[in-house]
Amino acid sequence: MMFIEPAVQIIFFGLLGQFGPEGTEYYIIGNAVRLMATSALFGATSVIINERGQGTLTALIAAPTPVAETFYARALLQGISGVLTGVFCISLGVVLFGLDISSTSIVWLLIGLLVTAISLSGLGLLLANLSLLGTDANLLLNVVFYGLIVFSGANIPLAELPGPVATAAQALPMTHGLLAVRQVIDGDLSGVPYLLTMELLIGLAYAAAAIVLLRYAERRARRTGKLELV
């Protein structure tokens, strides 16, 4: 999930990009960052899904420790591990498609990937909590994960999206982080701190919403004896 599937997708989009209007580099960078969501979304959601499936979620809810903070810390680690996927995919782009990183600040690149991974983990935790609404979270996860192909600017420039869609994309994790990573790889650091600050704030907003939802689920579970939100 962290390396083999991303490698196949990078090869696919890299080859497709040779015939695309934006050039190979655009598609490689966009999908290298997008594929970090594999860990952030699926990994973070598995934190709750696995506990629920193994029957240990009840014990965590009943324990006196704060459940929301416990889950967020674990989801955050899952998200940060996605940085390895991003670095691997960019490296693959360099080796297989000649991606030029000669003007890239490696430090800023790693910072950009890290901030984006943290932001995506906030969305991942929110989706994990929404999984309590039903028994199967895979549909929701896949819709969001593959929706990022279109709405994050990974493969289609935001300027070419319909106005309302482009506006909505500004509220998604990864949108600003991806723009920052593109600029860093191009050797342009102007505006990067602003983009990464916006990315972090958006991610924290999703994380805050996730924590509020999880605390509600925790209180409701203690009151009704049901873990589901419905």
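First, a word on what this report is: a plain description of the structure on this page. Values in this document were obtained by computation on a predicted structure and should not be read as measured data.

1. Concerning the packing of aromatic side chains
Alright, step 1. Applying the stated criterion to the full structure yields 5 aromatic pairs.
Alright, step 2. Both rings, one in Tyr 26 and one in Tyr 27, keep their centres 5.7 Å apart while their planes meet at 80°; by these two values the pair is edge-to-face. The pair Tyr 26 / Tyr 27 is uniform in exposure class, with both members buried.
Alright, step 3. With centroids separated by 5.5 Å and ring planes inclined at 75°, the aromatic side chains of Phe 42 and Phe 145 adopt a geometry described as edge-to-face. Note that Phe 42 is positioned in helix H3 (residues 37-53) and Phe 145 in helix H8 (residues 138-151), a separation of 103 residues in sequence. One exposure class covers both Phe 42 and Phe 145, and it is buried.
Alright, step 4. Three or more aromatic residues link up through ring pairs in this structure, and these residues are Phe 42, Phe 145 and Tyr 146.
Alright, step 5. Taking the ring centre of Phe 145 as reference, the NZ or CZ of Arg 34 above it sits at 5.4 Å.
Alright, step 6. Lying over the aromatic face of Tyr 26, Arg 182 brings its terminal NZ or CZ to 3.6 Å of the ring centre.

2. Here's the deal with the packing of H3 against helix H5 (residues 67-80)
Two numbers describe a pair of packed helices, the interaxial angle and the distance between the axes.
Alright, step 1. Here H3 crosses H5 at 145°, and the two axes come no closer than 7 Å. Once H3 is placed against H5, the crossing between them reads as right-handed. Touching Ser 39, Ala 40, Gly 43, Ala 44, Val 47, Ile 48 and Glu 51 of H3 are Phe 71, Arg 74, Ala 75, Gln 78 and Gly 79, all from H5.
Alright, step 2. Taken together, the residues of the contact of H3 with H5 sort by class into 6 nonpolar, 4 polar and 2 charged.

3. Looking at the side chain of Thr 85
Alright, step 1. Along the chain, the position of Thr 85 falls in helix H6 (residues 82-97).
Alright, step 2. Leave out the neighbours within four places in its chain, and Thr 85 touches Met 2, Pro 6, Leu 35, Met 36 and Ser 39.

4. Observations concerning unusual backbone geometry
Negative phi is the rule for most residues except glycine; trans is the rule for most peptide bonds.
Alright, step 1. Located in the positive-phi region is Met 174, a residue other than glycine, with phi close to 95°.
Alright, step 2. With respect to the helices and strands, Met 174 occurs in the loop between helix H9 (163-169) and helix H10 (175-185).
Alright, step 3. A residue is classified by how much of its surface remains accessible, and Met 174, at 0% relative accessible area, is buried.

Parameters and conventions
- Residues numbered from 1 in each chain as written.
- Predicted model: local features only at pLDDT ≥ 70, side-chain atom pairs only at ≥ 80, totals over all residues.
- Heavy atoms only, no water.
- Phe/Tyr/Trp six-rings, centres within 6.5 Å; stacked < 30°, edge-to-face > 60°.
- Buried < 20%, exposed > 50% of the residue type's maximum accessible area, 1.4 Å probe, protein only.
- Helix = DSSP H or I, 4+ residues; strand = E, 2+ residues; numbered from the N terminus.
- Lys NZ or Arg CZ within 6 Å of the ring centre and 35° of its normal.
- Axes fitted to C-alpha atoms, helices over the stretch in contact; angles between N-to-C directions.
- Left-handed = near helix turned anticlockwise from the far one by under 90°.
- Contact = heavy atoms within 4.5 Å.
- Nonpolar A, V, L, I, M, F, W, Y, C, P; charged D, E, K, R; others polar.

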